[in-house]
Amino acid sequence: MRITLFGAAGEVGRRISAEALARGHELRAVVRKPAQRSTLVDGVEACVGDASQLEDVVRLSQGQDLVISAVRPPEGNESLLVHLTDTILQAADKVGVRVLIVGGAAKLLVPGQGGHTVLSAPNFLPASVVPIATACFQQYELCRDKNLGNWTYLCPPAMLTPGVRTGNYRLGGDELVVDEQGLSQISMEDFAVAMLDESERVRHQGASFTAAY
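Throughout what follows, the structure given in this document is the object of discussion.

Cut-offs applied
- Residues numbered from 1 in each chain as written.
- Predicted model: local features only at pLDDT ≥ 70, side-chain atom pairs only at ≥ 80, totals over all residues.
- Heavy atoms only, no water.
- 1 Å grid on protein atoms, 1.4 Å probe; cavity = no way out; pocket = protein on both sides within 12 Å on 5 of 7 lines; lining within 4 Å.
- Points joined across faces, edges and corners; volume = space filled by probe spheres on them.
- Nonpolar A, V, L, I, M, F, W, Y, C, P; charged D, E, K, R; others polar.
- Pairing = 2+ DSSP bridges.
- Helix = DSSP H or I, 4+ residues; strand = E, 2+ residues; numbered from the N terminus.
- Axes fitted to C-alpha atoms, helices over the stretch in contact; angles between N-to-C directions.
- Contact = heavy atoms within 4.5 Å.
- Buried < 20%, exposed > 50% of the residue type's maximum accessible area, 1.4 Å probe, protein only.
- Right-handed = clockwise from strand over helix to strand, strands pointing away.
- Salt bridge = Lys/Arg side-chain N within 4 Å of Asp/Glu carboxyl O.
- Parallel < 35°, antiparallel > 145°, perpendicular 65-115°, else oblique.
- Left-handed = near helix turned anticlockwise from the far one by under 90°.

1. Structural notes on empty space enclosed by the protein
Moving on, step 1. Across all of its chains, the model carries 1 cavity of 30 Å³ or more by this definition.
Moving on, step 2. The space that makes up the largest cavity amounts to roughly 60 Å³.
Moving on, step 3. Forming the boundary of the largest cavity are Tyr169, Leu171, Ala194, Asp197, Glu198, Arg201, Arg203, His204 and Phe209.
Moving on, step 4. The residue makeup of the lining of the largest cavity, split by class, is 4 nonpolar, 1 polar and 4 charged.

2. Details of the sheet that holds strand E3 (residues 45-48)
Moving on, step 1. Pairing is mixed in the open sheet, where 8 strands are placed in the order E3-E2-E1-E4-E5-E6-E10-E8. Where the open sheet ends on each side, the last strands, each with one partner, are E3 and strand E8 (170-172). Averaged over neighbouring strand pairs, the angle between their axes works out to 25° when direction is ignored.
Moving on, step 2. Sheet topology places strand E2 (residues 26-31) next to E3; 4 bridges connect them, and they run parallel. Opposite Ala29, over in E3, you have Ala46 as the bridge partner.
Moving on, step 3. Contacting strand E1 (2-6), E2, strand E4 (66-69) and strand E5 (98-102), helix H1 (residues 11-22) runs over the sheet at an angle of about 170° to E1.
Moving on, step 4. Its contacts with the sheet put helix H5 (residues 188-200) on E1, E4, E5, strand E6 (151-155) and strand E10 (207-212), and the angle it makes with E5 is roughly 165°.

3. With respect to the pairing of E1
Moving on, step 1. Of all 5 residues in E1, 4 are buried, a share of seventy percent or more.
Moving on, step 2. Note on the crossover from E1 through H1 to E2: the handedness is right-handed.
Moving on, step 3. The sheet contact formed by E1 and E4 spans 4 bridges and is parallel. In the sheet register, Phe6 faces E4, and the bridge partner there is Ser69.

4. Here we look at the pairing of E4
Moving on, step 1. Where burial is concerned, the two faces of E4 agree: the one with Leu66 and Ile68 and the one with Val67 and Ser69 are both buried.
Moving on, step 2. Where the polypeptide runs from E4 across helix H3 (residues 80-95) and back to E5, its parallel neighbour, the crossover connection is right-handed.

5. A closer look at the pattern of salt bridges
Moving on, step 1. Evaluation of the coordinates by the stated rule reveals 12 salt bridges.
Moving on, step 2. Note that Lys146 and Asp86 form a salt bridge whose closest N and O atoms lie 2.6 Å from each other. With Lys146 in helix H4 (residues 130-146) and Asp86 in helix H3, this pair connects stretches of sequence that are 60 residues apart.
Moving on, step 3. Under the relative-accessibility criterion, Lys146 is labelled partly exposed at 37%.

6. A short note on the side chain of His204
Moving on, step 1. Relative to the helices and strands, His204 is located in the loop between H5 and E10.
Moving on, step 2. His204 sits in the buried class, given a relative accessible area of 16%.
Moving on, step 3. Setting aside residues no more than four positions away along its own chain, His204 makes contact with Trp151, Thr152, Leu171, Glu198 and Phe209.

7. Things to note about the packing of helix H2 (residues 54-61) against H3
Moving on, step 1. For the pair H2 and H3, the least separation of the axes is 9 Å and the interaxial angle reads 45°. Between H2 and H3, the angle falls in the class oblique. Remark: the crossing between H2 and H3 carries right-handed chirality. Contacts between H2 and H3 pair Leu54, Val57, Val58 and Ser61 from the former with Thr87, Ile88, Gln90, Ala91, Lys94 and Val95 from the latter.

Below, the structure written as structure tokens:
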């Protein structure tokens, strides 16, 4: 499969890159600045492009089988996430390619919280992450309401941290997946496994899902 990955220099992006290459896919890894190419996983096609520019996204998505968006704006510019996602969706629709989006947990319902989401549940999120959580909630609303092209939105659990690849995870829909201790977590490595599994076997077209232990 020929895959274009935006946000390839990020922590999740690098793990998606490694998983895709291990499965034998051809990966076009896109970074915003030339200096970031040195941070990419060996074996990718390193490209420079601006995910906020429609022309760049079209150029880098043309002829591919799949686009994965793992973009995250810098702290203080969280609201840019919606624009970046909109541009990627528009470009993918224009060239007729499927899009998988690394989303956020903000939209997920919290078990036992009376219909509250991760974003709306009282005292659930630290104040420092509310801006990016708000942007992720708006990002999902954009995908749902605009419904441009063939997209899938993968929500992480409450905790997404570097770890090890086990190849194991459980899937969920609109609610946080929690374990017997009430924890909602997954390693970035296994999150990448869930992303590549979805890329190879489409199960959530035009919808969101989540994965956790």
